[in-house]
Each structure stands twice: as structure tokens, then as C-alpha cells.
Amino acid sequence: QKEVEQNSGPLSVPEGAIASLNCTYSDRVSQSFFWYRQYSGKSPELIMSIYSNGDKEDGRFTAQLNKASQYVSLLIRDSQPSDSATYLCAYSRGAQKLVFGQGTRLTINP
Amino acid sequence: GAGVSQSPSNKVTEKGKDVELRCDPISGHTALYWYRQSLGQGLEFLIYFQGNSAPDKSGLPSDRFSAERTGGSVSTLTIQRTQQEDSAVYLCASSLATLTDTQYFGPGTRLTVL
């Protein structure tokens, strides 16, 4: 079992709709979770971090964490073509390592 | 202010040669990270520095890989006797203090081993 599982996609969503990205992880003691966005040929950039169960909202982005189910998701409301990118889920293992999933490629169709 | 810089941006080398990749973090950032990203893959964590110290080197793929950081600033990732499977983009990131602070990534070094 991979430490972080993400659907590689591609996930196609019409413009204006809600894009839902999902991630499951195997480490039960993880405390910190992150979503990164990576445009093609570019470096990743952090878009959301979440540390406690529940929802965390930032503009059009909402991260949802369920530690009991070892599940974290990212919702993008009112999807825009500029949201088309690969989204990487990650968690911190202890204080010294980040573990990343392989990423989900998202395409927003105008 | 200046972001994370990496050099060279591209490196083509022959199998068996040694290469050095450089990372210059954001000024004032005490934490520095090295990652590797192979084509179409996620990020593979290699090593993390807090100041000049690397608490955990277990992410380095083999003993051909080493990294150092001096003066709490510039870091060098060295790959000895390169192999074709070392071909990847090597990304460096820095954060203010800890692993859970926002990491800012450099543009990466694309390494091709022929």
C-alpha cells in the first residue's frame, strides 16, 4: 500500500463547477496535511494546510480532514481554467519528512 | 524579495560522472529541503536541513547521494557516479523555521544522465 494514494486523473470539470480532489494516507500518527498545486513545468506551491479534523476554507478552496478515516480532500468552488494543474497531497511524518502523493491532474473545461 | 534559487537549471552528464546541484534559500529561512521529481511522478523527499544539520538522511536514495549546508544558507546536493535512474528534476525548498511552515520551492534543476 502506498503511503499516500491519489487518483492520478485526469479529472475533467466544467468551468464554474466544484472540483473534488481526494487523498488517503496510511500513517495514523500524521498531524499535518498539505495540498500543493503544480502547473506543468513549474514548481509546486502550497495552497492549503490543515491540522485538525473538519473543514478549512480559504477563498474558493476548502480542505477537509478526517483522521479516523485517514482521508483528506480539497474542494475547489467556481472552478476556473487557471485551476488546471496537478494537485499534490502531502503529510508530515514526524518533524523531519514530508510524504507526497503522485498527484491528481485536474483540467477545467471552459 | 528574492525567492529560492537553484543552479544549474539544466545539467546533462554522462553515466558515472559526479554532479553538484546548488540551492540558495530565501534569506532568513532556517529550514531547507531537497526533493526529487521523476517524469510524471510526485515529489520524493530526500533530505531536510535545520540550520546546517540534517536530522534525518534516510530519504537519500543511496550512498552515492550526499548533501551539505554551510553557514545556514547555501546547500549543495552531490550525486557521485551518476546512473540513468538519477535523471529527474531536483527541487529545493526553504521555509522559515519548521517542516510545517510554508515551503517555497525553487525552479529546480533538470538532471539528465546519458
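Residues numbered from 1 in each chain as written. Chains lettered and ligands numbered in written order. Predicted model: local features only at pLDDT ≥ 70, side-chain atom pairs only at ≥ 80, totals over all residues. Heavy atoms only, no water.

Q: Is there a simple way to think about the overall build of chain B in this case?
A: Secondary structure assignment for chain B yields zero helices and eleven strands. Counting from the amino terminus, helix and strand elements in chain B follow one another as β-β-β-β-β-β-β-β-β-β-β. Over its C-alpha trace chain B gives a radius of gyration of 13 Å, about what one expects of a compact globule, namely 13 Å for 114 residues. Its C-alpha atoms give chain B principal-axis dimensions of roughly 35 × 25 × 25 Å. Here chain B, with 114 residues, has 47% of them falling under the buried criterion. Long-range contacts, defined here as pairs at least 24 residues apart, represent 55% of the contacts in chain B between residues at least 6 apart. In the structure as shown, chain B presents an accessible area of about 5,300 Å², 46% of it carried by carbon and sulfur atoms. (Helix = DSSP H or I, 4+ residues; strand = E, 2+ residues; numbered from the N terminus. Rg over C-alpha atoms; globule rule 2.2 N^0.38 Å. Buried < 20%, exposed > 50% of the residue type's maximum accessible area, 1.4 Å probe, protein only. Contact = heavy atoms within 4.5 Å. Areas by Shrake-Rupley, 256 points an atom, 1.4 Å probe, with all protein chains shown as cover.)

Q: Explain the packing of aromatic side chains here, please?
A: The description of an aromatic ring pair uses the distance of the two centres, along with the angle that the planes make with each other. Residues and elements named next belong to chain A. Taken as a whole and judged by the stated rule, the model has eleven aromatic pairs over all chains. With a centroid separation of 5.9 Å and an interplanar angle of 45°, the aromatic rings of Tyr25 and Tyr91 are classed as tilted. Of this pair, Tyr25 sits in strand 3 (residues 19–25) while Tyr91 sits in strand 9 (residues 85–93), and the two are 66 residues apart along the sequence. Overall, the relative accessible area of 3% leaves Tyr25 in the buried class. Tyr91 sits in the buried class, given a relative accessible area of 1%. Sitting above the plane of the Phe61 ring, Arg60 keeps its charged end 5.6 Å from the centroid. (Phe/Tyr/Trp six-rings, centres within 6.5 Å; stacked < 30°, edge-to-face > 60°. Lys NZ or Arg CZ within 6 Å of the ring centre and 35° of its normal.)

Q: Is there a simple way to explain the state of the cysteines in this structure?
A: Among covalent bonds in proteins, the disulfide is the one between the sulfur atoms of two cysteines. All names here are of chain B. Within this structure, the stated rule accounts for two disulfides over all chains. Disulfide pairing places Cys23 opposite Cys92 at an S-S distance of 1.8 Å. Here the S-S torsion is close to -65°, and the disulfide linking Cys23 with Cys92 is therefore left-handed. Here Cys23 is found in strand 3 (residues 19–24), whereas its partner Cys92 is found in strand 9 (residues 88–95), with 69 residues between them in sequence. The class of Cys92 is buried, set by a relative accessible area of 0%. (Disulfide = S-S within 2.5 Å.)

Q: When you look at the environment of B:Phe45 in this model, what are you seeing that I'm missing?
A: Residue position: B:Phe45 is located in strand 5 (residues 44–50). Taking the C-alpha atoms as reference points, B:Phe45 and B:Pro61, 16 residues apart in sequence, are found 9.7 Å from one another.

Q: Teacher, can you tell me more about the sheet that holds strand 6 (residues 54–58) of chain A here?
A: Hydrogen bonds along the backbone pair up the strands of a sheet, which may run parallel or antiparallel. All names here are of chain A. The strand order across the open sheet built from five strands is 1-3-8-7-6, with neighbouring strands paired in antiparallel fashion. The open sheet has two edge strands with one neighbour each: strand 1 (4–6) and strand 6. Each adjacent strand pair in this sheet contributes to an overall mean axis angle of 20°, direction not counted. With five bridges joining them, strand 6 and strand 7 (residues 61–66) adopt antiparallel strand pairing. Its bridge partner lying in strand 7, Asp55 is registered against Gln64. (Pairing = 2+ DSSP bridges. Axes fitted to C-alpha atoms, helices over the stretch in contact; angles between N-to-C directions.)

Q: Hey, could you run me through the interface of chain A and chain B in this one?
A: Interface size is commonly expressed as the accessible surface area that is lost when the partners come together. On the chain B side, the residues contacting the 18 residues of chain A number 18 residues. The interface formed by chain A and chain B contains zero salt bridges. Connecting chain A to chain B are two residue pairs in polar contact (both at pLDDT 80 or more). For the side of chain A that touches chain B, the secondary-structure elements that each account for two or more residues are strand 4 (33–38), strand 9 and strand 10 (97–100) of chain A. (Salt bridge = Lys/Arg side-chain N within 4 Å of Asp/Glu carboxyl O. Polar contact = N/O pair within 3.5 Å; in protein donor to acceptor, adjacent residues only side chain to side chain.)

Q: Any chance you could explain the pattern of salt bridges here in plain terms?
A: When the charged atoms of two side chains with opposite charge come close together, those side chains can pair. Residues and elements named next belong to chain B. Applying the stated rule across the entire model yields seven salt bridges over all chains. Put simply, Glu44 and Arg36 hold a salt bridge, and the shortest N to O gap is 3.0 Å. In this structure Glu44 comes out as partly exposed when scored by relative accessible area, which is 31%. Its relative accessible area of 11% is what places Arg36 among the buried residues.

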